[in-house]
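Commentary on secondary and tertiary structure
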Amino acid sequence: MSESPTSIVGRDHRNVGFVEAFQLTFKNYALFSGRSSRGAFWFWVLWTIIISGVLGGIDSVLFGKVGYLQGLWNLATLIPSIAISARRLHDVGRSGWWQLIGFTVIGLFVLLYWYCKPGQEQTNDFGADVEAGRA
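Residues numbered from 1 in each chain as written. Predicted model: local features only at pLDDT ≥ 70, side-chain atom pairs only at ≥ 80, totals over all residues. Heavy atoms only, no water.

On to the pattern of salt bridges, then. Per the counting criterion, the structure on display carries two salt bridges. Residue Asp91 is joined to Arg35 by a salt bridge in which the shortest nitrogen-to-oxygen separation is 2.8 Å. Here Asp91 is found in helix α4 (residues 78-91), whereas its partner Arg35 is found in the loop between α1 (18-27) and α2 (38-63), with 56 residues between them in sequence. Of the two residues examined, Asp91 and Arg35, each falls in the buried class. (Salt bridge = Lys/Arg side-chain N within 4 Å of Asp/Glu carboxyl O. Helix = DSSP H or I, 4+ residues; strand = E, 2+ residues; numbered from the N terminus. Buried < 20%, exposed > 50% of the residue type's maximum accessible area, 1.4 Å probe, protein only.)

Here it is as structure tokens:
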């Protein structure tokens, strides 16, 4: 049995690139249904950290400690971040409402575990095993 170089445990892995993750998240700005892969979710997290850091640096140079640009970025990405988190939880078979446990200390660790867990390979209650926003 030969497996393709992009397969994980006998199934084709949904590859989402760094730039594609950014585009998919904004394309699905307020889409709370469907599923998103680990790659799409973690690349989005990386994008937000990098851009927030850069804008924070620009803010400190231009405005001192006040974070106008960083605050605008955080506001602009609030809904897409909640949406992609919900789709990521759907990929592991959980409701997007589970994000609310993040308000507890223990809940943060549970969410981190679910965000790192591979998605369900079969169709689940939230849709087929495809990247949200793709045909």
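This part is about α4. The end-to-end C-alpha distance of α4, which contains 14 residues, comes to 20 Å, matching closely the 20 Å that a straight helix rising 1.5 Å per residue would cover. In terms of burial, α4 is a largely internal element, 10 of the 14 residues being buried. Along α4, the residues that are buried comprise Pro80, Ala83, Ile84, Ser85, Ala86, Arg87, Arg88, Leu89, His90 and Asp91. (Expected span 1.5 Å × (residues − 1).)

Attention now moves to the side chain of Arg88. With respect to the secondary-structure elements, Arg88 resides in helix α4. Separated by 3.2 Å, the side chain of Arg88 and the backbone oxygen of Tyr115 make a polar contact. Apart from the residues within four sequence positions on either side, Arg88 is in contact with Ser36, Ser37, Arg38, Phe41, Trp114, Tyr115, Cys116, Lys117, Pro118 and Gly119. (Polar contact = N/O pair within 3.5 Å; in protein donor to acceptor, adjacent residues only side chain to side chain. Contact = heavy atoms within 4.5 Å.)

What follows deals with the side chain of Ser85. Among the secondary structure elements, Ser85 is positioned in helix α4. Classification of Ser85 as buried rests on a relative accessible area of 10%. In this structure the side chain of Ser85 is engaged in a polar contact, spanning 2.8 Å, whose partner is the backbone oxygen of Ser81. Apart from residues lying up to four places away in sequence, Ser85 is in contact with Phe41, Gln99 and Tyr115.

Okay, the packing of aromatic side chains next. Applying the stated criterion across every chain yields a total of seven aromatic pairs. Ring geometry for Phe26 and Trp44: centres 5.4 Å apart, planes at 80°, overall edge-to-face. Of this pair, Phe26 sits in helix α1 while Trp44 sits in helix α2, and the two are 18 residues apart along the sequence. You can call Trp44 buried: its relative accessible area is 2%. (Phe/Tyr/Trp six-rings, centres within 6.5 Å; stacked < 30°, edge-to-face > 60°.)

Estimates place the volume of the largest pocket at around 320 Å³. Considering the residues around the largest pocket, the lining is formed by 16 residues, among which Phe41, Ser81, Ser85, Gln99 and Tyr115 are closest to the centre. Where the lining of the largest pocket is concerned, the elements lending two or more residues are α2, α4 and α5 (105-116). Class assignment of the residues belonging to the lining of the largest pocket gives a composition of 11 nonpolar, five polar and no charged. (1 Å grid on protein atoms, 1.4 Å probe; cavity = no way out; pocket = protein on both sides within 12 Å on 5 of 7 lines; lining within 4 Å. Points joined across faces, edges and corners; volume = space filled by probe spheres on them. Nonpolar A, V, L, I, M, F, W, Y, C, P; charged D, E, K, R; others polar.)

Our focus in this paragraph is the packing of α2 against α4. Contact pair α2 / α4: the axes reach a minimum separation of 10 Å and the direction vectors enclose 155°. Taken together, the axes of α2 and α4 lie roughly antiparallel to each other. Seen along the crossing, α2 lies across α4 with a hand that is left-handed. Taking contact as the criterion, the partners of Arg38, Ala40, Phe41 and Trp44 in α2 are, on α4, Pro80, Ser81, Ile84, Ser85 and Arg88. (Axes fitted to C-alpha atoms, helices over the stretch in contact; angles between N-to-C directions. Parallel < 35°, antiparallel > 145°, perpendicular 65-115°, else oblique. Left-handed = near helix turned anticlockwise from the far one by under 90°.)

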